[in-house]
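Residue-level structure breakdown
Residues per chain, in single letters:
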Amino acid sequence: MAQASKDADSNEHISLSKHLGVRDLTAFGIAAIIGAGIFSTIGNASASGGPGVIFLFLFTAVACGFAAFAYAEFASLVPVSGSAYTYSYVAFGELVAWTIGWALIMEYAIGNITVAISWSDYFTGLLSNMGMHIPEWMTMDFLTAMKGFKQADALIAGGKEFANLGAPLQDAYTAWTGAPQLFGLHIVADLPALLIIILITRLVYRGIRESRNASNIMVLIKIAIVLLVIFVGAFYVNTENWHPFLPNGISGVLKGVSAVFFAYIGFDAISTTAEECKNPQRDLPKGMMWAIIICTVLYVAIALVLTGMVNYSELAVGDPLAFVFQKLDMPWFSGVIAISAIVAMASVLLVFQLGQPRIWMSMSRDGLLPKKFSKIHPKFHTPSYATIVTGFVVAVPALFMNLTMVTDLCSIGTLFAFVLVCAGVLKLQTIPNAPRGRFKTPYMNSKYIMPAMVILAGVLSYTYNKENVMRFLSNESRVLDATTLVSHLDKEESDYAKYQVSLSDPEGYKSTNGDLEAYLSKLDESAYNSTIQSLRIPETKKFEGGWDVFKHKIPTWIFIFTSLLLTYWAWTKNLSLIPLLGLVSCLYMMSEMGVSNWMGFGIWLVVGLIIYFSFSYKNSKLNLPEAKS
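What counts, and at which threshold
Residues numbered from 1 in each chain as written. Predicted model: local features only at pLDDT ≥ 70, side-chain atom pairs only at ≥ 80, totals over all residues. Heavy atoms only, no water. Helix = DSSP H or I, 4+ residues; strand = E, 2+ residues; numbered from the N terminus. Rg over C-alpha atoms; globule rule 2.2 N^0.38 Å. Buried < 20%, exposed > 50% of the residue type's maximum accessible area, 1.4 Å probe, protein only. Contact = heavy atoms within 4.5 Å. Areas by Shrake-Rupley, 256 points an atom, 1.4 Å probe, with all protein chains shown as cover. Lys, Arg positive; Asp, Glu negative; His and termini not counted. Charge placed at Lys NZ, Arg CZ, Asp CG, Glu CD. Axes fitted to C-alpha atoms, helices over the stretch in contact; angles between N-to-C directions. Parallel < 35°, antiparallel > 145°, perpendicular 65-115°, else oblique. Patch = residues over 30% accessible without salt bridge, like charges linked within 9 Å, V, L, I, M, F, W, Y side chains within 5 Å. Salt bridge = Lys/Arg side-chain N within 4 Å of Asp/Glu carboxyl O. Expected span 1.5 Å × (residues − 1). Left-handed = near helix turned anticlockwise from the far one by under 90°. Phe/Tyr/Trp six-rings, centres within 6.5 Å; stacked < 30°, edge-to-face > 60°. Core = buried A, V, L, I, M, F, W, Y, C linked by side-chain atoms within 4.5 Å. Polar contact = N/O pair within 3.5 Å; in protein donor to acceptor, adjacent residues only side chain to side chain. Disulfide = S-S within 2.5 Å. pLDDT = per-residue confidence, 0-100.

1. Regarding the overall build of the protein
On a plain count of helices and strands, the protein comes out with 29 helices and four strands. Relative to the 2.2 N^0.38 estimate, which gives 25 Å for 629 residues, the radius of gyration of the protein is 25 Å and therefore close to what a compact globule would have. The burial tally for the protein puts 54% of its 629 residues in the buried class. Contacts in the protein between residues far apart in sequence, at least 24 positions, make up 83% of those at least 6 positions apart. Split by element, the accessible area of the protein, about 27200 Å² in all, is 64% carbon and sulfur. Distance between charge centres in the protein, computed from 43 positive and 43 negative side chains, equals 12 Å.

2. Digging into the packing of helix α14 (residues 320-327) against helix α15 (residues 331-365)
Running from N to C, α14 and α15 cross one another at 170°; their axes reach a closest spacing of 7 Å. In terms of orientation, α14 lies roughly antiparallel with respect to α15. Contact residues: L321, A322, F325 and Q326 in α14; P331, F333, S334 and I337 in α15.

3. Examining a nonpolar patch on the surface
On the surface, a cluster of nonpolar side chains totalling about 350 Å² of accessible area is made up of F55, L58, L246 and I250. For L58, a relative accessible area of 38% gives the class partly exposed.

4. Structural notes on helix α4 (residues 53-77)
With 25 residues, α4 should reach 36 Å at 1.5 Å per residue; the first-to-last C-alpha distance of 36 Å fits that figure. Judged by how many residues are buried, α4 sits mostly within the fold: 20 of 25 residues are covered.

5. As for the packing of helix α6 (residues 94-129) against helix α16 (residues 384-398)
Helices that pack against each other are described as a pair by the angle of their axes relative to one another and the distance between those axes. Two numbers describe how α6 lies on α16: the axes approach to 9 Å, and their chain directions differ by 50°. Between α6 and α16, the angle is such that the two are oblique. Our pair here, α6 against α16, has a crossing hand that is right-handed. Along the contact surface, α6 presents A109, N112, I113 and I117, while α16 presents V393, V394, P397 and A398.

6. What about the pattern of salt bridges?
Applying the stated criterion across every chain yields a total of two salt bridges. Salt-bridge contacts for D495 lead to K491; the nearest nitrogen and oxygen are separated by 3.0 Å. A residue pair is termed a helical-turn pair when its members lie 3 or 4 positions apart in one helix, as D495 and K491 do in helix α21 (residues 491-504) at four residues. For D495, a relative accessible area of 33% gives the class partly exposed. Here K491 falls in the exposed class, since its relative accessible area comes to 56%. A salt bridge links D495 to K498, with the nearest nitrogen and oxygen atoms 3.6 Å apart.

7. Observations regarding α15
Compared with an ideal rise of 1.5 Å per residue, which puts 35 residues at 51 Å, α15 spans 52 Å between its outermost C-alpha atoms and is within 8% of the ideal. Most of α15 sits inside the fold, with 31 of its 35 residues counted as buried. Phi for G367, located one or two positions after α15, is positive at around 85°.

8. Notes on the packing of aromatic side chains
Under the definition given, this model contains 25 aromatic pairs. With a centroid separation of 6.0 Å and an interplanar angle of 35°, the aromatic rings of W98 and Y612 are classed as tilted. With W98 in helix α6 and Y612 in helix α28 (residues 595-619), the pair connects residues that are 514 residues apart, well separated along the chain. Ring geometry for Y612 and F613: centres 4.9 Å apart, planes at 80°, overall edge-to-face. Among the residues examined, F613 registers a relative accessible area of 48% and is labelled partly exposed.

9. Digging into unusual backbone geometry
In this model, H243 is joined to P244 through a cis peptide bond whose omega is -5°. Its identity is not glycine, yet N574 carries a phi of approximately 55°, on the positive side. On the secondary structure map, N574 appears in the loop between α26 (554-573) and α27 (577-591). On the accessibility criterion, N574 (32% relative accessible area) is partly exposed.

10. Section: the environment of P435
The residue P435 is located in the loop between α17 (403-430) and α18 (449-464) in this model. Residue P435 is classed as exposed on the basis of its relative accessible area of 54%. Sequence separation between P435 and L77 is 358 residues; the distance between their C-alpha atoms is 7.6 Å.

11. So, the nonpolar core
Counting 148 residues, the largest nonpolar core has F57, Y71, Y85, F267 and F325 as the members making the most contacts within it. Excluding residues that lie within four positions of it along the chain, Y85 makes contacts with A97, W98, I100, G101, L104, I359, S362, M363, D366 and L368. Listed in part, the 20 residues of the second largest apolar core include L155, L489, V501 and L523.

12. Focus: the side chain of S374
Here S374 lies in the loop between α15 and α16. Since its relative accessible area comes to 14%, S374 is described here as buried. A polar atom in the side chain of S374 sits 3.2 Å from the side chain of S364.

13. Comments concerning the state of the cysteines
For the structure on display, the rule yields zero disulfides. Counting only cysteine sulfurs, C586 is the nearest neighbor of C64, a cysteine outside any disulfide, at a range of 6.2 Å. A relative accessible area of 0% means that C64 is categorised as buried. Its sulfur unpaired, C295 is 11 Å from the next cysteine sulfur, which belongs to C64.

14. Considering the confidence of the model for the protein
This prediction gives the protein a mean pLDDT of 80; 92% of its residues lie at or above 70. Between the elements of the protein, mean pLDDT differs from a low of 55, seen in helix α29 (residues 625-628), to a high of 91, seen in α26.

15. Points about the side chain of T296
Mapped onto the elements, T296 comes out in helix α13 (residues 280-309). A polar atom in the side chain of T296 sits 2.8 Å from the backbone oxygen of I292. Dropping the residues within four chain positions of it, T296 is found in contact with L58, A61 and Y264.

16. Points about the environment of F162
Turning to its location among the elements, F162 is positioned in the loop between α7 (142-157) and α8 (167-178). A residue is classified by how much of its surface remains accessible, and F162, at 35% relative accessible area, is partly exposed. The sequence separation of F162 and A152 amounts to ten residues, and the corresponding C-alpha distance is 8.0 Å.

If you want it as structure tokens, here you go:
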């Protein structure tokens, strides 16, 4: 805090303006949380989990609530911009702080790429409904178009007609084939995403008061629309669509963990505005809690309405709210939703674009980034240089990156931040006479509760999920699903597989009009396994086994061993229960993400460490002569 004051003096007494109260902070939280979650990613999560996806929303809200206690305690102790970076610096020191600061770039900068892409989908959809069509190659990222074309081409080779491909695959195929080429390179880029990033970055650059006013207006609009959707949609709910409530079991629900968690990550963005709050020690904790509570109620209600209006299996679309009302022949209402989604996602972009420059500003103050990042604009009182750089960091990848890729990377980076903030509170609670803020996380001794929970989890897993537990421990090979299998076949293999199927089940195959993927997908598990076994194609294209199977279990093993270690510490050091549950819950959600996400995150951290040891460590203010003396 003294360093932040000293840096204000070095900026010729130019500091951030203090304009925010509890209502503003709550609005910022709602602005960040209610966006892509309700208007976009909730569709895929519901398609995987069915109506039972509400349990994932509740579990995620509880996990974020535990983490919010930790954030609130640190925010009242160190009311300085920087969020988890600053809190980790206090608890663990510079190296861990740099690591989490680097990870937060995923949450804010890279996370905004996801929102910008979703905003682009709604914007172009709205224009299309108004009769203004933009070519697909100008509204889609490069990776989605390329991968979608390859998958569509393989499915067409397998007998599926173009008209029977899903709308996303049709769009990707059209974008790739219709794109102009330069030296053989297809020119595919999401230009509307670039436009909204430029506009939001300019607003954030102008000042916190302007950003606050814009945020408050957008929050009022989108909450009004969400409540209208819930009210109108309730009259079209068919309760038969809620049966079965868990069509794909708990595993199906957990498939949407990254998408649902992405819907909640905005609450911690509030803490980046600490130096712009009128009373941060009092207002930051309240703003975080209110934002999570309000948004959880809205998420659960909207999930129940969506899965009640149409069958859950139809919701794997980029614009689920607009889709369900279009399906009910209410195009005017889907137009209203599209407009509100454009507003809602713009508000998410606003808060994230507001948060990232302030984290970089804090890192720059500590010498870990160049001094320019902590420069405050003399007129607008914002971290001007950091804001411009953030705009570039978000805008350029948004042209080319895949929506799912950046969602998962953003979620795992944020969960890592939550884990460290919860661990920071645990550490401070074990240090005698450690400084404490005005807000303190209620203390409950976990000595007996944590071991009991671990034992209960093990017993219940073995009793009610014995088959999957044994499969996890045995590392047995598994058959690839129909879509993956058909997509991996070359034309010769695909033609031979179709020939074999047409001989073994001519009537069943004929009923699918020669569509191999459709035929295999309609088989029950036993028939499917038997058919795949009989196909004369390479075993590697039918089964996944050995290391290919084990690598997907590595995140779960990390969770298991860490939980056992935390249980030991809970027993020996009487750790506080709430931050411990926050740490375990967030680590569990990390373990539910694919190993490819962990690898991508690991590579990101390695790059960050290279930058730290090549620049930041040498320039850190901790290494200055006056600091060492």
